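# Topology and contacts: notes
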2 protein chains.
Amino acid sequence: MKLLIDHVDLLDLETLEVEADVAIAVEEGRIAALGRAPDGFEPERRLDAAGCLALPGFYNAHCHSPMTLVRGWAEDLPFDRWLNERIWVAESALEEEDVYWGAALAACEMLRAGVVGFADHYFWMDQVARVVEESGMKALLGWCLFGTGPEHEVGGASFDTVRSFAERWRLAAGGRIRTALAPHSPYMCPPELLRRMARAAGQLGVPVHIHLAESDEQVQRSREQHGVSPVAHIAALGLLEPGLLAAHCIAVDERDLELLAREGVFVAHTPKTYMKLAMRMAPLARQLDAGVRVALGSDGPASSGDLNLLEVMRLTGLLQKLERGDASAAPLSTLLRLATVEGAAALGFEGAGRLAAGAPADIVLMRTDRPHWIPRHNLAAGVVYASHPSDIVHVIVDGQVVLEGGRLLTLDEERIRAEAERRASRMVGAKMSQVRTYRG
Amino acid sequence: MKLLIDHVDLLDLETLEVEADVAIAVEEGRIAALGRAPDGFEPERRLDAAGCLALPGFYNAHCHSPMTLVRGWAEDLPFDRWLNERIWVAESALEEEDVYWGAALAACEMLRAGVVGFADHYFWMDQVARVVEESGMKALLGWCLFGTGPEHEVGGASFDTVRSFAERWRLAAGGRIRTALAPHSPYMCPPELLRRMARAAGQLGVPVHIHLAESDEQVQRSREQHGVSPVAHIAALGLLEPGLLAAHCIAVDERDLELLAREGVFVAHTPKTYMKLAMRMAPLARQLDAGVRVALGSDGPASSGDLNLLEVMRLTGLLQKLERGDASAAPLSTLLRLATVEGAAALGFEGAGRLAAGAPADIVLMRTDRPHWIPRHNLAAGVVYASHPSDIVHVIVDGQVVLEGGRLLTLDEERIRAEAERRASRMVGAKMSQVRTYRG
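Residues numbered from 1 in each chain as written. Chains lettered and ligands numbered in written order. Predicted model: local features only at pLDDT ≥ 70, side-chain atom pairs only at ≥ 80, totals over all residues.

## Points about the relation of the copies chain B and chain A
Two copies of one chain are present, and they are related through a rotation about an axis combined with an axial shift. Note on the copies: chain B fits chain A at an RMSD of 0.0 Å, the axial shift is 0.0 Å, and the rotation between them is 180°. Here the transformation between the copies is reduced to the relation of a two-fold axis. (Least-squares fit on C-alpha atoms with pLDDT ≥ 70 in both.)

Written out as structure tokens, the structure is:
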């Protein structure tokens, strides 16, 4: 379909300069032209976006989207009680169809916040794939496997289940779905399982998405059991390949960082979870200085509370400035790059996440006329340090308009909210009032 | 006027329990009843708030509201360049009427974020007082004075100017306006000026609002010049009185904290500025443990980017958990208390900032049906860790509806945005496109 988006302000994410009153021509899912429409371009559809800033779509590089169902269920608790007494107890009541509704709820929230793609790591992932297919989003999906032996079955999964999932949905939905193999972590998976995962990933031509080096305790245990750090351990097992998506990498030394950089690994940085669960802050500056590619993620909503990448950018910038005692640290252009083009690359959509002729048409249109934006000395600063998800009025993914004028076109939001809330109540064994909708 | 707010969910800020479908009766600016309307209560006006959560209004305990005009004008710069090369240069072009429009813009933003009152510290404060009068908000207003001698004049002000301002507007606007004397800080004001301020405050029966102990350098300079810490220095000058509002108090030792606690001082905690300007984080836990009363503030939008108290609560909680390595630190009830009842007390509105029969009717009604709220296992967690200002649909201050269905009733928002942007452009000598309004 030929789509013309008219009268937008265009922000250059590197120079931070704004070009006013620009047209964006979209054809066959890609940006055909920026500036003015090509001669003879006859749009089938026009989107008047006067008063809107155009940005590339945001990418969430690490999530457990169905865990929306347990958000708010474990607040202000130490990590072990959070996990053992609350999250795992609630998840033990999880049924396969719950995964669909939890992920659909997450998709509503993410699209409303300008997130066009996400890397997900959970169970019963066919359900998440259905949500991605229907919503129009993009995703890198991996069915999480952990266990004490190669044949161990948890979360409805065996090795064959997760491998066949990765094969079944690989490049589905017109290429919007990419798949990964998703061993939980080196501390939850025996070496033989990790080695099999690495081999299967190579055979299928898909990446691995894993949790890595989250704490000093994990590093110490790895040294005791395997003689090396978690990074070196998975390197020896063949997992450290270009495109590996490693969430967190908090407890890493210079040698680990060198390995991650050399092998072209993507690190997913999820600061809200590090703060809310009182983990340590990941060493983002050291990671970037070492040449490691980093993208931003929300992590699961059970730990982060929400799925707002605008806030993740903001927290990343604020924390870097504070930690380094330097107000010029983590400049706006870096934060915007990590949340867009680096996020897209981390999901395997290399070349997406930017507004340029030829790039996939993943476009967020954000109004900048609300009081918290005024005056507009610096629109990039407005995006990172003041904007709200509700400023986003239109979202386009691969040329398809999925949010228009604040209305989701691909998902039945009201039904999703009601189903998700009903199922969440069942999981925690509580009677929860059904969704009451404000009728203003 | 008799107002009935119907069908709300009521959150108890201590127990975090929710009572569903409650009525709030408001009479003569106060809450007459909570639960159901008193017998014979005949409202002149009804506000149907079905699907909304009722919360007390939020109070912003430290702000420089007219500095909205320079927000975004100095990004990613070290503190001294931020101040000397950008903020002070822009402020040197400030005209008296600019203050009105900058503060009016801030009022629009704050009311939309559920902030019903703010403590402001700036110049030409009659203009800010006009905004407070017109907007229906509450405020503690102090005209900032700094100088090298007792007769020094800066920012259009002399000692007599700021003293007569405090007298002129004291308890104006039906008691919604309180005034303060506002020496900038011990490092910007000579001892004799501070002593005169303390005496004048005592005579007028108003508090002092001051910046205090923001850095180790300030402490060191105070010890060199006065032989004691900034806290002890202002104590010796007679400023450490009950009700003193001291912004920041970052570089404080146990003796300082003991003094602040004993004298009934309020500390304003403004974490977003500490992060964005790469100052140190204030020791909130030590302050609270020492028995100091603390309220939350945005600081000026030039340093914080915006005026969103919901985000300030969130940052406060996340930072406390991270810093203390304890996910149970800064529990929801504490964060909500600091942003409401403690904020009100810090502004001199002791007893406000809570929903209780007899309390001033400062009420925020927030819809909880958007995807980022679902499921509603814990509404308090939704408020602190997921809500957006756009969830707020109605705001009531002293019984007056000032925001209804997302529309500001007391301020001409469109005109304010255009005037503020025009004046901001003039101040920085830049040509800025006029506000373009999104017409969706």
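Text resumes after the structure shown.
## Some details on the confidence of the model for chain A
Residue and element names in this part refer to chain A. Taken over all residues, the pLDDT of chain A has a mean of 95, while the share at 70 or more is 97%. Every residue in residues 149-154 scores below 50 in pLDDT, and together they form 10 contacts with partners more than four places removed in sequence or on other chains. Interface confidence for the predicted complex, expressed as ipTM, amounts to 0.96; the pTM equals 0.97. (pLDDT = per-residue confidence, 0-100. Contact = placed C-beta atoms within 7 Å.)

## A few points about the packing of helix α2 (residues 96-112) of chain A against helix α16 (residues 413-428) of chain A
Residues and elements named next belong to chain A. At their nearest, the axes of α2 and α16 sit 9 Å apart, and the two run at 130° to each other. Judged on the interaxial angle alone, α16 and α2 are oblique. Between α2 and α16 lies a crossing whose hand is left-handed. Within the contact between the two elements, α2 uses Asp98, Trp101, Gly102, Ala104, Leu105 and Cys108 and α16 uses Glu413, Ile416, Arg417, Glu419, Ala420, Arg423 and Met427. (Axes fitted to C-alpha atoms, helices over the stretch in contact; angles between N-to-C directions. Helix = DSSP H or I, 4+ residues; strand = E, 2+ residues; numbered from the N terminus. Parallel < 35°, antiparallel > 145°, perpendicular 65-115°, else oblique. Left-handed = near helix turned anticlockwise from the far one by under 90°.)

## Overview of the sheet that holds strand β13 (residues 293-296) of chain A
All names here are of chain A. Taken in spatial order, the 4 strands of this open sheet run β10-β11-β12-β13, and their pairing is parallel. Every other strand in the sheet has two partners, leaving β10 (209-212) and β13 as the edge strands with one partner each. Shown here is a sheet whose adjacent strand axes are inclined to one another by a mean of 30°, direction ignored. (Pairing = 2+ DSSP bridges.)

## Section: helix α3 (residues 125-135) of chain B
Residue and element names in this part refer to chain B. Taken together, the buried positions of α3 are occupied by Met125, Val128, Ala129, Val131, Val132 and Ser135. Viewed end-on, α3 has its buried residues packed into an arc of 155°, placing them on one side of the element. Buried-residue contacts for α3 involve α2 (96-112), β7 (115-122), β8 (138-145), α4 (159-168), β9 (177-183) and β16 (400-404). Positive phi shows up at glycine 136, right after α3, with a value of about 90°. (Buried ≥ 20, exposed ≤ 12 C-beta atoms within 10 Å, placed from the backbone. Arc of directions from axis to C-beta.)

## Quick look at the pairing of strand β14 (residues 363-367) of chain B
Residue and element names in this part refer to chain B. A large share of β14 lies buried, amounting to 5 of its 5 residues. Side chains Ile363, Leu365 and Arg367 project from β14 onto one buried face, and the interleaved Val364 and Met366 project onto a second face that is buried too. For strand β5 (residues 52-56) and β14, the ladder comprises 5 bridges, and the chain directions are antiparallel. Bridge pairing in β14 links leucine 55 to valine 364.

## Section: the interface of chain B and chain A
Taken together, the contact pairs 69 residues of chain B with 69 residues of chain A. When residues of the side of chain B that touches chain A are traced back to their parent elements, those giving at least two are α1 (79-91), α2, α9 (271-276), α12 (309-324), α15 (379-385) and α16 (413-428) of chain B. The element that contributes the greatest number of residues to the side of chain B that touches chain A is α16 of chain B, accounting for 7 residues. Counted by class, the side of chain B that touches chain A contains 36 nonpolar, 16 polar and 17 charged residues. (Nonpolar A, V, L, I, M, F, W, Y, C, P; charged D, E, K, R; others polar.)

## Brief notes about the domain arrangement of chain A
When the parts of a complex come together, some accessible area is lost, and that lost area is often used as the size of the interface. All names here are of chain A. Taken domain by domain, chain A holds domain 1 (2-56 + 354-408) and domain 2 (58-346). Distance from the C-alpha centre of domain 1 to the C-alpha centre of domain 2: 29 Å. On the side of domain 2, 24 residues touch domain 1, which itself brings 21 residues to the contact. Residue assignment for the side of domain 1 that touches domain 2 shows that the elements contributing at least two residues are α15 (379-385), β15 (392-397) and β16 (400-404). Classifying every residue of the side of domain 1 that touches domain 2 gives 15 nonpolar, 2 polar and 4 charged. (Domains from an automatic or database assignment.)

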